[in-house]
Amino acid sequence: MILNYSQPLEVTNLTSWLDSTLRGSLSEFWVLLIEFVIVGALLLAAYAVIALILIYAERKITAFFQARFGPNRVGKWGLLQSVADMIKILLKEIVKINRSDRFLFFAAPFFMIVASMLTFGAIPFGKALHAIDFNIGVLYVTAVSSLGIIGVLLAGWSSNNKYSMIGAMRSGAQFVSYELSAGFALMTIVVLAGTMQFSTMIEGQRYCWNIFNGHISSMIAFVIYLISGHAETNRGPFDLPEAESELTAGYHTEYSGLQFGFYYLAEYLNMFIIASIATTVFLGGYLPIQVKGWVDFNGIMDYIPSYVWFFGKTAVLIFLSLWVRWSFPRLRIDQLLNLEWKYLLPINLVNIVLMVILVLTGLTLTDLLPGIF
Amino acid sequence: MRIDQRNKKTFDIYNIMENIKKLILNTVPTAVIEEKQKLTVTVTFDKLHLLAKTLKENAALPFDFLVKLIGVDRGEELGVNYLLCSSTDLSKELVLKTGTTDRENPLLYSITDLFETAQYNEREVFALLGIRFINNPDMRKFFLNADWVGYPLRKDYDANPELNPLSLESVDMIDIAPRITENEKGELVEDTVNIFGEDDYIINIGPQHPSTHGVMHFRTALDGEIVKKIDVHSGYIHRGIEKLSESLTYPQILHFTDRLDYLSANINRHGLCMAVEKAAEIEVPERAQYIRTIMDELNRIDSHLLAWACQTNDLGATTAFIYGMREREIILDIFEKTCGGRLIINQNVVGGVMFDIYNEFQKDVKSFIIYMRDKLKEYDRFFSHNVIALGRMVTIGVLSKEDAINYAVTGPAGRGSGWSCDIRKHIPYALYDKVDFKEIIRTEGDSYARYLNRLDEIEESLHIIEQLIDNVPEGDICAKVKPIIRLPEGEYYSRVEACRGEFGVFIESRGDKFPYRLKFRSPSMALVSAMPLICQNEKVSDFIGIGGSMDYVIPDIDR
Amino acid sequence: MRSIAKYFSGLFIGISSLLKGMSVTWRELWTKKVTQQYPENRDTLVISDRFRCELVMPHDENNEHACTACGICQMNCPNGTIVVTSQMIETEDGKKKKILDTHQWDLGMCTFCNLCVITCPSDAIKFENTYENAVFTRSKLVQKINHEGSKLREKKKEVKPVEAKPVVEAKPVVEKKAVEEVKPEEPKAE
């Protein structure tokens, strides 16, 4: 089914060619080692590049929301702005803070970046662009992405700064709360899809994305996942841990240079990760739009490479996240917790039950209208 | 018919004031009552508290609003003038004067227990004139460091920079306040109070902080996220404008007023011009009055837009901030075309205005009015009903009407607490008695009331401008004024409605071309003095939001 | 029951208010951007004629100005921005006459209050709207605004103010003295 049409732009051919060439001349151990190194390097590079693109995109889109132009001096339309920023941040001095807990202070950014890197590795970017395909992919992603909070808490604690401390504590409360909702929203879809493995989950969405398949229940889960995912990334209106107008910069007030850069990168990457998981779980991942029976249409859609579909869908979600961020004022800590514990969590629990009922009684779209979906 | 009414009204006022005079003489038989520009009552320092109390508590016309507290070095004696007025009718004014001849250890009685706003003012007087106030609970110097040598506003002050050298050392904050109290036996006791408790978790919000709107310093004791106590430190950008003014001529002083509350620059300047014009009996041409009024209202819109923008920014909505600034830019362009300045617009001079309006002025202003009305609707859609914003403003930072009067909080904040305190209505100046406008009053007293008040006042200002813009008469823009302005000996007051509340000017002239003493009443100081009260038991993020809703401007406090 | 209704109505009112806000930003996304593209827009940038940027002393084609070195601008300046130095020369007909040596103005100190311009009896100085005044050192902010080798323009009209001012000239300039003639500037024709 998957390879019905020839896709010259897919990277499947490239990867299988590389694998077979290596296997032709080397032993199993060396083949795997070389492949691991290549995959690791590519992921790291992608991590940096995606972050740079996101930073540029956010600044530009924000500016357009605010009747400004945004960066437009470095390069054509300011395209090189984030590269310039990166170079600047690499060259900046890393300030040592007196009376801070040195070791933890230096370790904290790594927790943040490692957590987001681990999650990043498990995302299916396209056909054959999936570094590791666990059978418990969803669980893995939820688990490792929540490691990042340790970095935030450590940063706030070790800086020996009262603003940072308040920011970190807020972040802790926020993360613990919203991780629940995000997890439950994903579980709702796991109920629907019947699997935790990303690849199987994507394959199941060939003609009917999960967001449509579970209709009401999926929609609710999707919105809740977006909200709580957005909250987990510490971005406005949930940017209380940073809250520049209250806590100057919150937990990373004392960081400078590359250490600050780590937090900065991780923030943008987390936004990407949330959007890409939402894409994978709800919007059919890297699969193109397909309609049962429309062979020609499906052929044309299939001709567009899978990674374009993936990044396109993710970009729409990221735009949504930016739109929300730049429209609303910041929540207060009690409002934030109210939203989670009084609204999102109860709705979520009811929603899971609803989804179970839908699946068991055969009320999902694929069951109801098997001819179309 | 109308004349009759007015006569009756004048008669009533006369009657009431006669009664007040009787009351004063009954309370303090030794009081000296003079009819100057304002009714002035001089009493000895030990009788002042009694008199102020009687005046505040009399039922017929309570003088419960302390407008200004002015310390004056009268040469022989160090004294204080209190301008009191009634909160129900701001035009009923009364000046109390007292003083002490002891220049070594001047002591007066505090009236902080009657008027909360007196506290910061008395601390200011202590810093600048060295008068200590008995029973003031906190007698630290306001504006100045505790170790400052000399009292700047005294006439014998030694301004030698070696006495107060610039220090680059970090100085620890002292949270111990000296005070001087009188016990039941009538003995004076000097002791100290700790501002904070032993285990208080204190964070410094300011002097360098993105949301203090200037160089303000709030030492804040927190209990988790909740504000327990706030201690205000001010004076980081104190420029000694009042002292500087004592050696400058009146036209030269004018340019300082733009630099007090720079967002209501034109209105401040209007206030000082009015004080000088009243004293020198200069008639301002009608065209100048029109231009002044229009420019004042434009200035008010400009200020309220910025206040709206900053408040939204304080609540975390950066986009709204940019929208506010964008609209404000149009007013600044109009200012630039009219008088060559954008923020410091430098328009009023004694006797009129410096620049006439330009040819396209009417057209520009009219198109702005249409544009602004449209944008007000957009603000309403965008922010005023946003559920997050409502949660951050409604019932947050409630200031009751009594407290508003007690802390002398005027302007949109005072009117948000249900206190009608618009000088434009109570004591109309310029053309405000000829135009029709509503005084916006809300009774909730919370951040949201102050927020809405500002937006509604923008609408009212647009309405005022609309009525005037087509009727600007031909004629001079400035009266003939002598090259050197010498004010006759006396004390002159003027009060105008600036964007943040009542701005006042006090000039004591000794017949010279320089003022003997010049004092500005800063509306922002009253706003800040109420902050510790209304922020108590709110969350620390709401502290920032309330600050945005009070909208104080620091250079106005640090004169 | 009522509390449940309140719960849901609160939820939906909240969501609708948020969507309303988002609709505003969506519309603004497509509006005209207002940022001034300086310095690319230098040619089209309109700075108001009255905008006060730089104090200048207009010179005519003969390199002549109207300043009589009376020092009134210096006396009126609230913060000592202007320093006028003059010298005594003897004219051909033997009269002693004071002429302008340097008229020095400190951009870094000026508060642009316009007092010097409105009090100048011979309209010799004015504020120009040349706004690009940034320099690399502070000392460059102190400018001599009369041109090299310039002279006083001889005009009958100006004889009067020159003679009317000797009293002022006799006084030391250190003492701040206001000689203000509020002379409203005529609106410049646009």
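Not measured: the values here are computed from a predicted model.

This part is about the overall build of chain C. Of regular secondary structure, chain C possesses 5 helices and 7 strands. Starting at the N terminus, the α and β elements of chain C follow one another as α-β-β-α-β-β-α-β-β-β-α-α. Restricting the contact set of chain C to residue pairs at least 6 apart, pairs at least 24 apart contribute 73%. Entry remark: accessible area of chain C is about 11700 Å², with carbon and sulfur atoms responsible for 58%.

With that settled, the discussion passes to unusual backbone geometry. In this structure, Pro 39 of chain C follows Tyr 38 of chain C across a cis peptide bond, with omega equal to 5°. Within the secondary structure layout, Pro 39 of chain C lies in the loop between helix H1 (2–29) and strand S1 (54–56). Unusually for a residue other than glycine, Asn 234 of chain A sits at a positive phi of about 60°. In this fold, Asn 234 of chain A is placed in the loop between helix H10 (215–232) and helix H11 (244–247). With a phi close to 80°, Asn 135 of chain B is a non-glycine residue in the positive phi region. Of note, Asn 135 of chain B is situated in the loop between strand S7 (132–134) and strand S8 (176–182). The exposure class assigned to Asn 135 of chain B is partly exposed, which follows from its relative accessible area of 36%.

Residue and element names in this part refer to chain B. Counted residue by residue, strand S11 (residues 217–223) has 6 buried out of 7 residues, so it is predominantly covered. Pairing geometry for strand S10 (residues 201–205) and S11, over 5 bridges, is antiparallel. Across the sheet, Ile 202 pairs through a bridge with Ala 221, a residue of S11. Inspection of the sheet shows S11 paired to strand S12 (residues 226–233) by 7 bridges, in the antiparallel sense. Paired with His 217 across the bridge in S12 is His 233. Following S11, the chain reverses through 2 residues before pairing antiparallel with S12; Gly 224 in that reversal takes a positive phi of roughly 65°.

On to the packing of aromatic side chains, then. All names here are of chain A. Counted under the stated rule, the structure contains 49 aromatic pairs over all chains. Between Tyr 47 and Phe 120, the aromatic rings sit 5.4 Å apart at their centres with planes inclined by 90°, giving edge-to-face as the arrangement. Placement of Tyr 47 in helix H2 (residues 28–65) and of Phe 120 in helix H4 (residues 102–121) is noted, with a sequence separation of 73 residues between them. This pair shows no difference in class: Tyr 47 is buried, exactly as Phe 120 is. Both rings, one in Phe 319 and one in Trp 323, keep their centres 6.1 Å apart while their planes meet at 40°; by these two values the pair is tilted. Taken together, the residues Phe 319 and Trp 323, both in helix H14 (residues 306–325) and 4 residues apart, mark about one turn of the helix. Among the aromatic residues, those joined into a cluster by ring pairs are Tyr 47, Phe 120, Phe 125, Phe 272, Phe 310 and Phe 311.

Here we take up the sheet that holds S12 of chain B. Residue and element names in this part refer to chain B. Here we have 3 strands laid out as an open sheet, ordered S10-S11-S12, and antiparallel in their pairing. Two strands bound the open sheet, and with one partner strand each, they are S10 and S12. Strand-to-strand twist across the sheet, computed as the mean angle between neighbouring axes with direction ignored, equals 25°.

Here we take up the pairing of strand S15 (residues 490–498) of chain B. Summarising burial for S15 of chain B: 8 of the 9 residues are buried, a large majority. What sits between the antiparallel neighbours S15 of chain B and strand S16 (residues 501–509) of chain B is a turn of 2 residues.

All names here are of chain A. An ideal rise of 1.5 Å per residue puts 40 Å on 28 residues; helix H15 (residues 333–360) measures up with 39 Å between its terminal C-alpha atoms. The set of residues buried in H15 consists of Ile 333, Gln 335, Leu 336, Glu 340, Tyr 343, Leu 344, Leu 345, Asn 348, Asn 351, Ile 352, Met 355 and Leu 358. Remark: Gly 362 follows H15 within two positions and exhibits a positive phi of approximately 70°.

All names here are of chain B. The full count for this structure, using the stated rule, is 65 salt bridges over all chains. Residue Asp 175 pairs with Arg 219 through a salt bridge whose shortest N-O separation is 2.6 Å. Residue Asp 175 is located in the loop between S7 and S8, and its partner Arg 219 is located in strand S11; the two are separated by 44 residues in the primary sequence. One connected set of salt bridges, linked through shared partners, spans Glu 297, Arg 300, Arg 415, Asp 422, Arg 424, Glu 457 and Glu 497.

A general trend in soluble globular proteins is that nonpolar side chains are found buried together. Grouped together as the largest cluster of nonpolar side chains are 141 residues, with contacts concentrated most on Phe 218, Leu 298, Phe 361, Ile 507 and Met 550 of chain B. Both of domain 1 (2–125) and domain 2 (241–558) of chain B provide at least three residues apiece to this core. If we skip the residues at most four places from it in the chain, Phe 218 of chain B touches Ile 203, Asn 204, Ile 205, Thr 212, Ile 230, Asp 231, Val 232, Val 528, Met 531, Phe 543 and Tyr 552 of chain B. Formed by 83 residues, the second largest nonpolar core is a distinct cluster that contains Ile 123, Leu 240, Leu 317 and Val 324 of chain A.

Bringing the interface of chain A and chain C into the picture now. Across the contact, 18 residues belong to chain A and 17 residues belong to chain C. Carbon and sulfur atoms make up 68% of the surface buried where chain A meets chain C, a total of about 1600 Å² over both sides. Linking Arg 73 of chain A and Glu 40 of chain C is a salt bridge whose minimum nitrogen-to-oxygen distance equals 3.1 Å. Counting the contacts that link chain A with chain C gives 10 residue pairs in polar contact (both at pLDDT 80 or more). For the side of chain A that touches chain C, the element with the most residues is H15 of chain A, which contributes 4 residues. Each residue belonging to the side of chain A that touches chain C can be placed in one class, and the counts come to 13 nonpolar, 2 polar and 3 charged.

Take the confidence of the model for chain C next. Residues and elements named next belong to chain C. A residue-level look at chain C finds 81% of positions with pLDDT of 70 or above and a mean pLDDT of 76. Predicted confidence for residues 157–190 stays below pLDDT 50, and this span has 72 contacts to residues more than four positions away or in other chains. Under the prediction, the complex receives an ipTM of 0.83, its pTM being 0.86.

Across the contact, 44 residues belong to chain B and 40 residues belong to chain C. Summing both sides of the interface, chain B and chain C together bury roughly 3400 Å²; the carbon and sulfur share of this comes to 57%. At the junction of chain B and chain C, the tally comes to 2 salt bridges. The residue Glu 28 of chain C makes a salt bridge to Lys 375 of chain B at a minimum N-O spacing of 3.7 Å. Counting the contacts that link chain B with chain C gives 14 residue pairs in polar contact (both at pLDDT 80 or more).

This part is about the packing of H10 of chain A against helix H12 (residues 257–282) of chain A. Residues and elements named next belong to chain A. Orientation of H10 relative to H12, taken along the N-to-C sense of each, is 165°, at an axis distance of 10 Å. Classified by the angle between their axes, H10 and H12 sit roughly antiparallel to one another. In terms of crossing hand, the pair formed by H10 and H12 is right-handed. Seen from H10, the contacting residues are Ser 218, Ala 221, Phe 222, Tyr 225, Leu 226, Gly 229 and His 230; seen from H12, they are Ile 274, Ile 277, Ala 278 and Phe 282.

What follows deals with the state of the cysteines. The full count for this structure, using the stated rule, is 0 disulfides over all chains. Looking at the unpaired Cys 339 of chain B, the closest cysteine sulfur is the one in Cys 273 of chain B, lying at 13 Å. Its sulfur unpaired, Cys 113 of chain C is 6.2 Å from the next cysteine sulfur, which belongs to Cys 77 of chain C. Judged by relative accessible area, Cys 113 of chain C falls into the buried class, the value being 8%.

If you trace the backbone, Leu 18 of chain C turns up in helix H1. The sequence separation of Leu 18 of chain C and Lys 32 of chain C amounts to 14 residues, and the corresponding C-alpha distance is 24 Å. Residue contacts for Leu 18 of chain C: discarding those within four places in its chain leaves Phe 328 of chain A together with Asn 386, Val 387 and Ile 388 of chain B.

Along the polypeptide, Leu 452 of chain B turns up in helix H14 (residues 447–469). Separated by 180 residues in the primary sequence, Leu 452 of chain B and Leu 272 of chain B have C-alpha atoms spaced 30 Å apart.

Cut-offs applied
- Residues numbered from 1 in each chain as written.
- Chains lettered and ligands numbered in written order.
- Predicted model: local features only at pLDDT ≥ 70, side-chain atom pairs only at ≥ 80, totals over all residues.
- Heavy atoms only, no water.
- Helix = DSSP H or I, 4+ residues; strand = E, 2+ residues; numbered from the N terminus.
- Contact = heavy atoms within 4.5 Å.
- Areas by Shrake-Rupley, 256 points an atom, 1.4 Å probe, with all protein chains shown as cover.
- Buried < 20%, exposed > 50% of the residue type's maximum accessible area, 1.4 Å probe, protein only.
- Pairing = 2+ DSSP bridges.
- Phe/Tyr/Trp six-rings, centres within 6.5 Å; stacked < 30°, edge-to-face > 60°.
- Axes fitted to C-alpha atoms, helices over the stretch in contact; angles between N-to-C directions.
- Expected span 1.5 Å × (residues − 1).
- Salt bridge = Lys/Arg side-chain N within 4 Å of Asp/Glu carboxyl O.
- Core = buried A, V, L, I, M, F, W, Y, C linked by side-chain atoms within 4.5 Å.
- Domains from an automatic or database assignment.
- Buried area = accessible area lost by both parts, 1.4 Å probe.
- Polar contact = N/O pair within 3.5 Å; in protein donor to acceptor, adjacent residues only side chain to side chain.
- Nonpolar A, V, L, I, M, F, W, Y, C, P; charged D, E, K, R; others polar.
- pLDDT = per-residue confidence, 0-100.
- Parallel < 35°, antiparallel > 145°, perpendicular 65-115°, else oblique.
- Left-handed = near helix turned anticlockwise from the far one by under 90°.
- Disulfide = S-S within 2.5 Å.

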